[in-house]
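Each chain, written out:
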Amino acid sequence: MKKIILSLMLVVTMLTGVVATTGAVYADDEGSGGCGGSTAFFGLRPWYEGLTTNINGKCEIKTPTQDELPTFVWKIVLNILIDLSVLVGYIAVIMVAWGGYLYMFSRGLPDRAERGKKTLIAATVGLLISIFASVIMNTIMTILGAS
């Protein structure tokens, strides 16, 4: 019975975090001509984030000039990399919960407790790498002017 209650608490806690991120809306880019921010799905950006502009009353991806092409391509690459780092973060959080579960329910068996500790350590390191990668990518996006 304790396992069932703890498992339900874990699921509710994780779903609360997911529901909180599904409604995120990114701010309107400067120079996008009123093409409001894009709605995120589970915190993931669309690949075209920061590339739209208002053309003839419709929000479309603007065609880059020869000089803008490298920045255009890097914005797409960085949007995809940011999404991948968000997914890695979700996986790391799930693995932290799984490692905690393994550790809590090791029933005093040293090998199971060790497995839970290793899972927790690896997931925590993965989560930290994901956070630092997101910071670095957002810094690069700011330098490129993609906000």
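Structural data are supplied above this passage.
Notes on the structure in this doc start here. (Residues numbered from 1 in each chain as written. Predicted model: local features only at pLDDT ≥ 70, side-chain atom pairs only at ≥ 80, totals over all residues. Heavy atoms only, no water.)

**A closer look at the packing of aromatic side chains**
Two aromatic rings, taken as a pair, are described by how far apart their centres are and by the angle between their planes. Under the defined criterion, the tally for this structure stands at three aromatic pairs. An angle of 90° between the planes, with centres 5.7 Å apart, marks the rings of W47 and Y48 as edge-to-face. The partly exposed category is assigned to W47, whose relative accessible area is 42%. For Y48, a relative accessible area of 32% corresponds to the partly exposed category. Centre to centre, the rings of Y101 and F105 are 4.8 Å apart; their planes meet at 55°, and the pair counts as tilted. On the basis of relative accessibility, which here comes to 16%, the residue F105 falls in the buried class. An aromatic cluster of three or more residues is present, and its members are W98, Y101 and F105. (Phe/Tyr/Trp six-rings, centres within 6.5 Å; stacked < 30°, edge-to-face > 60°. Buried < 20%, exposed > 50% of the residue type's maximum accessible area, 1.4 Å probe, protein only.)

**Thoughts on the pattern of salt bridges**
Applying the stated criterion across every chain, the model contains one salt bridge. Between E60 and K58 there is a salt bridge whose closest N-O contact spans 3.9 Å. (Salt bridge = Lys/Arg side-chain N within 4 Å of Asp/Glu carboxyl O.)

**Re the pairing of strand β1 (residues 52-55)**
Pairing geometry for β1 and strand β2 (residues 58-61), over four bridges, is antiparallel. Residue T53 lies in a different strand from β2, and its bridge partner there is E60. (Pairing = 2+ DSSP bridges. Helix = DSSP H or I, 4+ residues; strand = E, 2+ residues; numbered from the N terminus.)

**Describing the side chain of S85**
Following the sequence through the fold, S85 ends up in helix α2 (residues 69-104). Under the relative-accessibility criterion, S85 is labelled buried at 7%. For S85, the residues in contact, after removing those within four places along its chain, are S130, S134 and M137. (Contact = heavy atoms within 4.5 Å.)

**What about helix α3 (residues 110-144)?**
Taking 1.5 Å per residue, 35 residues should reach 51 Å; α3 reaches 51 Å between its end C-alpha atoms and fits that length. Among all positions of α3, only A113, G116, T119, A123, S130, S134, M137 and M141 are buried. Looking at the buried residues of α3, the elements they touch are α2. (Expected span 1.5 Å × (residues − 1).)

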